[in-house]
Amino acid sequence: MSIRNSITAQTKILCIIGHPIEHSMSPIMHNAVLQDLELDYAYMAFDVPPNRLKEAVKGFKALNVKGISVTIPLKEIIIRFLDEIDGIANKIGAINTIKNEDGVLIGKNTDAEGSRKAILDAGCEIKGKNILILGAGGVAKAICYTLAKDANKIVITNRTEVRAKKLAMELKKMIKVNAEGTNNSEITLRREIKTTDILINATPVGMYPLINKSPIEKEILHNQLFVFDLIYNPLETQLIKDAKVIGCRTLGGLDMLVNQGALAFEWWTNKKPNINLMKNKIIEFLGKK
Ligand SMILES: NC(=O)c1ccc[n+]([C@@H]2O[C@H](COP(=O)([O-])OP(=O)(O)OC[C@H]3O[C@@H](n4cnc5c(N)ncnc54)[C@H](OP(=O)(O)O)[C@@H]3O)[C@@H](O)[C@H]2O)c1
């Protein structure tokens, strides 16, 4: 891999914003592929609390920042400050990527397509499948919208039941999918999982530092499940460990992370990044911690 020597007056800026931001893996994977492709860009991370977001967006235009990744808790509230929104992101009501095209800020949701691609690349068919998704937050919503067009049924369970019901209603109305929203009690999960093909964890339960936690009891799992945990730190969560013991096919969050990042990278630079390099850089980084 060749290394770009230095930042110059021509170097273009890409960045990620969120609050907090210091745990983000995006600078690691994006700078690795920028160097690999010898592109004169630098990718930074900025901590932007929601009450400074409007100023930050003005700053992107003033400083001609070319591309911006957006993470928690800004994915929904940033929409009102942008000039254009890509179709599916409008439906989802959340974006995670912005491109600055000559001062016009366009928002897109690559979490949706990135998750879909990760599932398909892992050899799991989506068409006609029953999906059980744990969580009804921003990413759960993006995933539901992208999988709904092919799934047979989507059941959303959430700690705050009303959010799950609201998301199911929106899906039924907009995509005409068979969707149901409910609570995340053990009784509900036991009932729903019997007919589930694809189980997706879209909650932070099991994420570092509470790595021994799982959003679902091990003994409820069955070996016909494809289990997808969106969490990538740790790379193998308790849920994924349990699912492997039961004999399920599994997928961790790293593949989605690099796929959504690769889609953003290609949109900004018109170049295809090396996905394996992105993945390996993160594995190397997490391994050192
Ligand atoms: N792999 C990737 O590329 C990628 C990308 C983005 C996000 N993620 C991961 O996806 C997860 C969700 O992200 P998000 O942006 O959707 O977050 P979010 O909008 O904050 O939603 C979080 C969801 O998890 C539920 N939840 C939070 N804490 C919980 C707990 N202790 N027990 C049960 N449920 C709980 C929330 O329920 P309530 O409605 O009750 O609050 C909500 O439904 C995070 O773990 C994040 O790391 C992965």
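Each residue is numbered by its place in its chain's sequence as written, counting from 1. Reporting in this predicted model follows two pLDDT cut-offs: at least 70 for local features of residues, and 80 or more for side-chain atom pairs to be given and counted; totals over whole chains, interfaces and linings ignore these cut-offs and use all residues. To obtain the side-chain values, all non-hydrogen atoms of the structure were included, while hydrogens and water were left out.

### Looking at the overall build of the protein
At step 1: Here a helix means four or more residues in a row that DSSP labels H or I, a strand means two or more in a row labelled E, and each is numbered from the N terminus. If you tally the helices and strands in the protein, you get ten helices and twelve strands.
At step 2: For the protein, the C-alpha radius of gyration of 19 Å lies close to 19 Å, the compact-globule estimate for 289 residues.
At step 3: By its C-alpha atoms, the protein is 60 × 40 × 30 Å across when sized along the principal axes.
At step 4: Across the 289 residues of the protein, 50% fall into the buried class.
At step 5: In the protein, 67% of the contacts between residues at least 6 apart in sequence involve partners at least 24 apart.
At step 6: For the area figures, the Shrake-Rupley method with a 1.4 Å probe applies, and any residue is considered shielded solely by the protein chains shown. As presented, the protein carries roughly 13900 Å² of accessible surface, and 52% of it is formed by carbon and sulfur atoms. Radius of gyration here uses only the C-alpha atoms, and the compact-globule reference equals 2.2 Å multiplied by the residue count raised to the power 0.38. Remark: exposure states derive from per-residue accessible area (1.4 Å probe, protein chains only) relative to the maximum for the residue type, with buried under 20%, exposed over 50%, and partly exposed in between. Every residue pair with non-hydrogen atoms within 4.5 Å of one another is taken to be in contact.

### Some remarks on the site of the ligand
At step 1: Only a single heavy atom is needed: when it lies within 4 Å of a molecule or strand, its residue is near that molecule or strand. Near the ligand there are 22 residues, and of these Ala-136, Val-139, Asn-158, Thr-160 and Arg-163 occur at the shortest range.
At step 2: Arg-163 places a side-chain nitrogen or oxygen 2.7 Å from an oxygen atom of the ligand.
At step 3: Where the shell around the ligand is concerned, the elements lending two or more residues are α5 (138–148) and α9 (254–269).
At step 4: Here the shell around the ligand spans two domains, since at least three of its residues come from each of domain 1 (12–108 + 256–288) and domain 2 (112–252). Contacts described as polar in this section are N or O atom pairs within 3.5 Å, which, within protein, must combine one atom able to donate a hydrogen with one able to accept it, while residues neighboring in sequence count only if both atoms come from side chains. Per the annotation, domain bounds derive from an automatic or database assignment of domains.

### As for the nonpolar core
At step 1: To define a nonpolar core, start from buried Ala, Val, Leu, Ile, Met, Phe, Trp, Tyr and Cys residues and group those joined through side-chain atoms within 4.5 Å. Counting residues in each nonpolar core, the largest one holds 34 residues, and the members touching the most others are Ile-119, Ile-133, Ile-156, Leu-171 and Ile-200.
At step 2: Looking at this core, the elements that each hand over two or more residues are α4 (110–121), β7 (130–134), α5, β8 (153–158), α6 (161–175), β10 (198–201) and β11 (226–229).
At step 3: Broken down by element, the residue count for this core peaks at seven residues, all from α5.
At step 4: When residues of this core are sorted by domain, at least three fall in each of domain 1 (12–108 + 256–288) and domain 2 (112–252).
At step 5: Not counting the four nearest positions on each side in its chain, Ile-133 is found in contact with Ala-140, Ile-143, Cys-144, Ile-154, Val-155, Ile-156, Thr-157, Ile-200 and Ala-202.
At step 6: Core analysis: the next-biggest nonpolar cluster, separate from the first, contains 24 residues, Leu-39, Trp-267, Met-278 and Leu-286 among them.

### What about the domain arrangement of the protein?
At step 1: Parsing the protein into structural domains produces domain 1 (12–108 + 256–288) and domain 2 (112–252).
At step 2: The C-alpha-based centres of domain 1 and domain 2 are spaced at 25 Å.
At step 3: Listed by partner, the interface residues are 14 residues for domain 1 and 19 residues for domain 2.
At step 4: Here the quantity called buried area is the accessible surface, traced with a 1.4 Å probe, that two parts lose on coming together, added over both. Summing the contributions of domain 1 and of domain 2, the shared interface buries around 1400 Å²; its carbon and sulfur component is 74%.
At step 5: The three residues of domain 1 that bury the most area against domain 2 are Lys-91, Ile-92 and Met-256, which together make up 42% of that side's buried surface.
At step 6: Salt bridges are identified by distance alone: a Lys or Arg side-chain nitrogen within 4 Å of an Asp or Glu carboxyl oxygen. On the surface where domain 1 and domain 2 come into contact, there are zero salt bridges.
At step 7: The set of elements that each furnish at least two residues to the side of domain 1 that touches domain 2 consists of α3 (87–92), α9 and α10 (275–288).
At step 8: Considering each element in turn, the side of domain 1 that touches domain 2 owes the most residues, five residues, to α9.
At step 9: Here the side of domain 1 that touches domain 2 is composed, by residue class, of nine nonpolar, two polar and three charged. Each residue is assigned to one of three groups, with Ala, Val, Leu, Ile, Met, Phe, Trp, Tyr, Cys and Pro labelled nonpolar, Asp, Glu, Lys and Arg labelled charged, and all others, Gly among them, labelled polar.

### Remarks on the environment of Asn-152
At step 1: Residue placement: Asn-152 occurs in the loop between α5 and β8.
At step 2: Sequence-wise, Asn-152 and Asn-130 are 22 residues apart; in three dimensions their C-alpha atoms are separated by 5.5 Å.
At step 3: Leave out the neighbours within four places in its chain, and Asn-152 touches Gly-128, Lys-129, Asn-130 and Asn-178.
At step 4: Of note is the side chain of Asn-152, whose polar atom sits 2.8 Å from the side chain of Asn-130.

### Side note on the pattern of salt bridges
At step 1: Using the criterion set out here, one finds 17 salt bridges in the structure.
At step 2: Measuring nitrogen to oxygen at the nearest pair gives 2.8 Å for the salt bridge that ties Glu-55 to Arg-52.
At step 3: Judged by its relative accessible area of 44%, Arg-52 is partly exposed.
At step 4: Here Lys-279 and Asp-255 are joined by a salt bridge, their closest N and O atoms 2.9 Å apart. Linking Lys-279 in helix α10 with Asp-255 in helix α9, this pair joins segments that are 24 residues apart in sequence.

### Considering the packing of aromatic side chains
At step 1: Two rings from Phe, Tyr or Trp (for Trp, the six-membered ring) form a pair when their centres are within 6.5 Å of each other. A pair whose planes differ by under 30 degrees is stacked, one over 60 is edge-to-face, and the rest are tilted. Summed over all chains, the structure comprises one aromatic pair.
At step 2: In this scheme, Lys NZ or Arg CZ marks a charge over a ring once it lies within 6 Å of the ring centre and within 35 degrees of the ring normal. The lysine or arginine in question, Lys-12, covers the ring of Tyr-41, its NZ or CZ lying 5.1 Å from the ring centre.

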